[in-house]
Amino acid sequence: MENLNTENSVGTFNFVGGETAALDEKPVASNDVKRTSTSPNVQPQIPSDSAPFVVLCGPPASGKSMVLKSLASYLYKSGLGYTISANTTLLNTEKYQVDCRDFEEIIAKTDEKMPNTVDYLLADIIDGRGNVVAHFLEAPGEDFFNLTKSLQEPNIPFKNYLDKIAQITPNKQRKVVYIILLDLDSTPSFRNNPALRMKYEQKMINLYNRYVLHHPSKVILLYNKVDLPQNGLWANTSGVSNLSAIFANAKEFYPNLFFKKRFLFWDIENYTFLPFCTGTYPDDGSSYTASGPVYPASLWEKIVKLW
Ligand SMILES: Nc1nc2c(ncn2[C@@H]2O[C@H](COP(=O)(O)OP(=O)(O)OP(=O)(O)O)[C@@H](O)[C@H]2O)c(=O)[nH]1
Ligand SMILES: [Mg+2]
């Protein structure tokens, strides 16, 4: 899969959404979206080493846990010599310790879903010499976009731990790859609710301005769930048949996330775009069939290139 170029505006991004649908006055909640069981006062403890982070950013149910599982399972089975280890120091709660143990079992099993009760999960990727190559972080969707407080979004500030990830010490910034999920088809549908979608878009622009624009960090725009029929059957679990159609579709719905940055006299793309499919899911939610390795392999390849 290739990186695609786009044209867009430059510098610090402000919301300039093209659609003007009136904002629904009612806060949005969904029965399909699990509420986080972690207390809002819980403060994740970020490791103080300087290994790069990969942070999965997306609203509830956009697929962060399943992308993490896909990537971790791929690396576990890839023969590239990595060990995947859940980092138990992130949260000192009994639930988190159980989630860590379960995670290490789940990544070894092809068709087992991540339980939707997982709030935080920090996975360490360790090379053959025992060095931590990267930390992968999944956090609750509410930390990136709160559906029940959607009217206040995007002005709700990011949680403190995200600052700690980006800034190791006052003088030392960390390299972070932020995977922004271009969610359109979770419940409630951002595809069919432009007002809500634009709030999420602005929140992700805020994230970019705060953590990427003036930092050594990078953004991957990940269009997950490309297997769904809404995407015009441009992809299935084995791969993508029409990448440019998927790209155009993503850009139509999230025009302001295709970031550019000024370099000398030019505006250069400051994102990597990738389609993704974690698998197919029967309606009863019981299990799933994992997608082929093409998606996690491409994602891993891009992450490594961005470091
Ligand atoms: N069709 C399809 N459905 C997907 C895909 N990835 C995830 N899903 C569906 O989305 C649901 C939510 O995925 P999760 O990975 O739990 O979402 P999340 O972003 O971690 O959600 P929170 O942790 O609640 O913020 C899954 O249970 C699947 O039903 C995909 O690639 N294709
Ligand atoms: Mg999750």
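Residues numbered from 1 in each chain as written. Chains lettered and ligands numbered in written order. Predicted model: local features only at pLDDT ≥ 70, side-chain atom pairs only at ≥ 80, totals over all residues.

- Naming follows an unreviewed UniProt entry, where the protein chain appears as ATP-binding protein of Bacteroides acidifaciens.

A closer look at the overall build of the protein chain
Stage number 1. Along the protein chain, the regular secondary structure elements total 6 helices and 15 strands.
Stage number 2. Counted over contacts in the protein chain with a minimum sequence separation of 6, partners at least 24 positions apart contribute 76%. (Helix = DSSP H or I, 4+ residues; strand = E, 2+ residues; numbered from the N terminus. Contact = placed C-beta atoms within 7 Å.)

A closer look at the sheet that holds strand β4 (residues 132-138)
Stage number 1. Across the sheet, which stays open at both edges, the 7 strands sit in the order β2-β3-β4-β1-β7-β8-β13 with mixed pairing between neighbours. Looking along the sheet, the strands with just one partner apiece sit at the ends: β2 (83-86) and β13 (272-275). Strand-to-strand twist across the sheet, computed as the mean angle between neighbouring axes with direction ignored, equals 20°.
Stage number 2. Alignment of strand β1 (residues 53-57) against strand β7 (residues 176-181), held across 5 bridges, turns out to be parallel. (Pairing = 2+ DSSP bridges. Axes fitted to C-alpha atoms, helices over the stretch in contact; angles between N-to-C directions.)

Comments concerning helix α2 (residues 94-106)
Stage number 1. Taking 1.5 Å per residue as the helical rise, α2 with its 13 residues ought to reach 18 Å, and the 18 Å between its terminal C-alpha atoms agrees with that figure.
Stage number 2. Listed in full, the buried residues belonging to α2 are Y96, D99, C100 and F103. Along α2, the residues classed as buried sweep out an arc of 105° about the axis, all on the same side. Of the exposed residues in α2, those oriented more than 90 degrees away from the buried face are E94, R101 and E105.
Stage number 3. Those residues of α2 hidden inside the fold are in contact with β2 and β3 (121-126). (Expected span 1.5 Å × (residues − 1). Buried ≥ 20, exposed ≤ 12 C-beta atoms within 10 Å, placed from the backbone. Arc of directions from axis to C-beta.)

Focus: the packing of helix α1 (residues 64-77) against helix α6 (residues 294-306)
Stage number 1. Viewed as axis vectors pointing N to C, α1 and α6 meet at an angle of 85°, and their least axial separation amounts to 9 Å. In terms of orientation, α1 and α6 fall into the roughly perpendicular class. Together, S70, L71, Y74 and L75 of α1 and Y295, P296, A297, L299 and W300 of α6 make up the contact between the two elements.
Stage number 2. Residue classes in the contact of α1 with α6 are distributed as 8 nonpolar, 1 polar and no charged. (Parallel < 35°, antiparallel > 145°, perpendicular 65-115°, else oblique. Nonpolar A, V, L, I, M, F, W, Y, C, P; charged D, E, K, R; others polar.)

Section: the site of ligand 1
Stage number 1. The full set close to ligand 1 counts 21 residues, and G63, K64, S65, M66 and G141 are the nearest of them.
Stage number 2. Looking at the shell around ligand 1, the elements that each hand over two or more residues are α1 and β14 (279-280).
Stage number 3. Taken together, the residues of the shell around ligand 1 sort by class into 7 nonpolar, 10 polar and 4 charged. (Near = placed C-beta within 6 Å.)

So, helix α5 (residues 243-253)
Stage number 1. Those residues of α5 not exposed but buried are I246, F247, N249, A250 and K251.
Stage number 2. The inward-facing, buried residues of α5 abut β8 (218-223), β9 (235-236), β10 (239-240) and β13.

Examining the environment of L213
Stage number 1. Tracing the backbone through its elements, the reader meets L213 in the loop between α4 (194-211) and β8.
Stage number 2. Look at L213 and you get partly exposed, because 16 C-beta atoms sit within 10 Å.
Stage number 3. A sequence separation of 48 residues divides L213 from K261, and the C-alpha atoms of the two residues are 7.5 Å apart.

Some details on the pairing of β1
Stage number 1. The element β1 is extensively covered by neighbouring structure, given that 5 of its 5 residues are classed as buried.
Stage number 2. Neither face of β1 is exposed, since F53, V55 and C57 on one face and V54 and L56 on the opposite face are all buried.
Stage number 3. Examined bridge by bridge, β1 and β4 share 4 bridges and lie parallel to one another. Paired with F53 across the bridge in β4 is H135.

Structural notes on the pairing of β4
Along any regular strand, the residues point their side chains to alternate faces of the sheet.
Stage number 1. Most of β4 sits inside the fold, with 5 of its 7 residues counted as buried.
Stage number 2. Pairing between β3 and β4: 6 bridges, direction antiparallel. Bridge assignment links D124 to a residue of β4, and that residue is H135.
Stage number 3. A loop of 5 residues connects β3 with β4, the two strands running antiparallel in sequence, and G130 in this loop sits at a positive phi of about 90°.

Some remarks on unusual backbone geometry
Stage number 1. Following E153, the chain continues into P154 via a peptide bond in cis, with omega recorded as 5°.
Stage number 2. With respect to the helices and strands, P154 occurs in the loop between β4 and α3 (160-166).
Stage number 3. P188 follows T187 through a cis peptide bond whose omega is -5°.
Stage number 4. Within the secondary structure layout, P188 lies in the loop between β7 and α4.
Stage number 5. Unusually for a residue other than glycine, A61 sits at a positive phi of about 70°.
Stage number 6. Secondary-structure assignment places A61 in the loop between β1 and α1.
Stage number 7. The phi dihedral of L264 is positive, around 55°, even though this residue is not glycine.
Stage number 8. Within the element layout of this structure, L264 appears in the loop between β11 (260-263) and β12 (266-269).

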